[in-house]
Amino acid sequence: MRKLTFAMNLSLDGYITAPGGDLGWSVPSDELFQWWSDRVAATGLALYGRKLWETMSSDWPTADQQPGATPGQIEFARRWRDMPKVVFSSTTSAVDWNTRLVSGDAVTEITRLKTENGGPMDVGGATLAAAAMRAGLIDEYALATHPVLVGGGTPFFTALDDWVNLDLVETRKFPGGVLLTRYVTRR
């Protein structure tokens, strides 16, 4: 069975975007950016909601061709393009860059994907991750917590009907006071 991880940058008060979708507070250090790039390289399949897909696909498909692109950005762009992806959306009509589109029930499809052979899966996007979280499908949470309070926006965690017990498996400090914590779901 494939492992499903929800990994995102978040503010200390638990948001993945500030009000208005602002992400300016979450600019990673080179070291944290490399950690994210290595995650992309190790991901067997990335699952995206529509909004995160639009954010990622507006920049990364051609980021390696932009003037002034750093070696890290070039590496990430190539890894991102090559990584198999699934976008869950009922309003998006076309996707590209090693991606397929699913417009049906996300929980049913994620459940099916978890039973397939293949490498680990990452889920991204607040709405999609919330559905997977409520369905008990997430095996690991990786939180890159930035030392900033944004006061609102899109929360990392959704409202749940039951507790989800977790075991801490890693902590790591990055420049700028960013703290990575990884937890696995206790089953």
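Shown above is the structure to which this text applies.
So, a few notes on the structure that sits alongside this text. (Residues numbered from 1 in each chain as written. Predicted model: local features only at pLDDT ≥ 70, side-chain atom pairs only at ≥ 80, totals over all residues. Heavy atoms only, no water.)

On to the environment of Ala159, then. Among the secondary structure elements, Ala159 is positioned in the loop between strand E8 (154-155) and strand E9 (166-174). Residue classification places Ala159 among the exposed residues on the basis of a relative accessible area of 64%. Between the C-alpha atom of Ala159 and that of Met133, which follows or precedes it by 26 residues, the distance is 9.3 Å. (Helix = DSSP H or I, 4+ residues; strand = E, 2+ residues; numbered from the N terminus. Buried < 20%, exposed > 50% of the residue type's maximum accessible area, 1.4 Å probe, protein only.)

The next thing to look at is helix H1 (residues 30-42). Taking 1.5 Å of rise per residue, 13 residues should cover 18 Å, and H1 covers 18 Å from first to last C-alpha, within 8% of that figure. Where H1 is concerned, the buried positions are Leu32, Phe33, Trp35, Trp36, Ser37, Arg39 and Val40. (Expected span 1.5 Å × (residues − 1).)

This part covers helix H2 (residues 50-57). Those residues of H2 that sit buried are Leu52, Trp53, Met56 and Ser57. Across the axial projection of H2, the buried residues extend over an arc of 120°, all falling on one side. (Arc of directions from axis to C-beta.)

Here we take up the side chain of Ser57. In this fold, Ser57 is placed in helix H2. Ser57 sits in the buried class, given a relative accessible area of 16%. Other than its neighbours up to four places away in sequence, Ser57 contacts Trp80 and Trp97. (Contact = heavy atoms within 4.5 Å.)

Counting 38 residues, the largest nonpolar core has Leu4, Phe6, Leu47, Tyr48 and Phe88 as the members making the most contacts within it. When neighbours within four sequence positions are excluded, Tyr48 is seen to be in contact with Trp53, Met56, Trp80, Met83, Lys85, Val86, Val87, Phe88, Gly124 and Leu128. By size, the runner-up hydrophobic cluster in this structure holds nine residues, among which are Leu32, Ala142, Ala144 and Leu180. (Core = buried A, V, L, I, M, F, W, Y, C linked by side-chain atoms within 4.5 Å.)

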